Amino acid sequence: MALVPRVLEARGLDATPPIMKKLKAVGDTGSVAVLEIILHDEIGHVAIGDHWFRQQCAARGLEPEATYLKLIDDFRAPRPQPPLHVEARRAAGFSAAELEVLSRPRKA
Ligand SMILES: [Fe+2]
């Protein structure tokens, strides 16, 4: 729940708008329309994962946002990289505070 919806699927939220912009620039409005639908649906996928992740954290007495970062490190998952699609991530359940942390540039 932490890593597939909140890392991998959430990455799609960030990656889709720049792809849409490029497709729009070359006049591929049909593909842009398809990606708009996919982006909308993906918010729902991430939101479902977010719901169950937070539910399972609550059941285990874990703080979800620290647990999310720990799981990313424990499983060597890719940490979200800015720029993030903050509006879509907020709609999917990420908190403003969490997004502020994830949006900070990381030191190498
Ligand atoms: Fe999905």
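Just so you know, these numbers come straight off a predicted model, no measurement behind them.

1. Quick notes on the pattern of salt bridges
Two side chains that carry opposite charge are able to pair once their charged atoms sit near each other. Tallied over the full model, the rule gives nine salt bridges. With a shortest N-O distance of 3.1 Å, Asp50 and Arg54 are connected by a salt bridge. Of this pair, Asp50 and Arg54 both sit in helix α2 (residues 29-60), separated by four residues, roughly a single helical turn. With a relative accessible area of 6%, Asp50 lands in the buried category. A residue is classified by how much of its surface remains accessible, and Arg54, at 23% relative accessible area, is partly exposed.

2. Quick word on the packing of aromatic side chains
This model, assessed by the stated rule, comprises two aromatic pairs. Ring geometry for Phe53 against Tyr68: centres 6.5 Å apart, planes inclined by 65°, an arrangement best described as edge-to-face. Of the two residues, Phe53 is situated in helix α2 and Tyr68 in helix α3 (residues 64-74); the sequence distance between them amounts to 15 residues. Comparing Phe53 with Tyr68 shows no difference in burial state: the two are buried. Centre to centre, the rings of Tyr68 and Phe94 are 5.9 Å apart; their planes meet at 80°, and the pair counts as edge-to-face. Residue Tyr68 is located in helix α3, and its partner Phe94 is located in the loop between α4 (86-91) and α5 (96-103); the two are separated by 26 residues in the primary sequence. Using a relative accessible area of 0% as the deciding quantity, one classes Tyr68 as buried. Through successive ring pairs, a cluster of aromatic residues spans Phe53, Tyr68 and Phe94. For the cation-ring pair, Arg6 lies above Tyr68, with the distance from its terminal atom to the ring centre recorded as 4.5 Å. Seen from the ring of Phe94, Arg6 lies directly overhead, with NZ or CZ sitting 4.1 Å from the centre.

Calculation notes
- Residues numbered from 1 in each chain as written.
- Predicted model: local features only at pLDDT ≥ 70, side-chain atom pairs only at ≥ 80, totals over all residues.
- Heavy atoms only, no water.
- Salt bridge = Lys/Arg side-chain N within 4 Å of Asp/Glu carboxyl O.
- Helix = DSSP H or I, 4+ residues; strand = E, 2+ residues; numbered from the N terminus.
- Buried < 20%, exposed > 50% of the residue type's maximum accessible area, 1.4 Å probe, protein only.
- Phe/Tyr/Trp six-rings, centres within 6.5 Å; stacked < 30°, edge-to-face > 60°.
- Lys NZ or Arg CZ within 6 Å of the ring centre and 35° of its normal.

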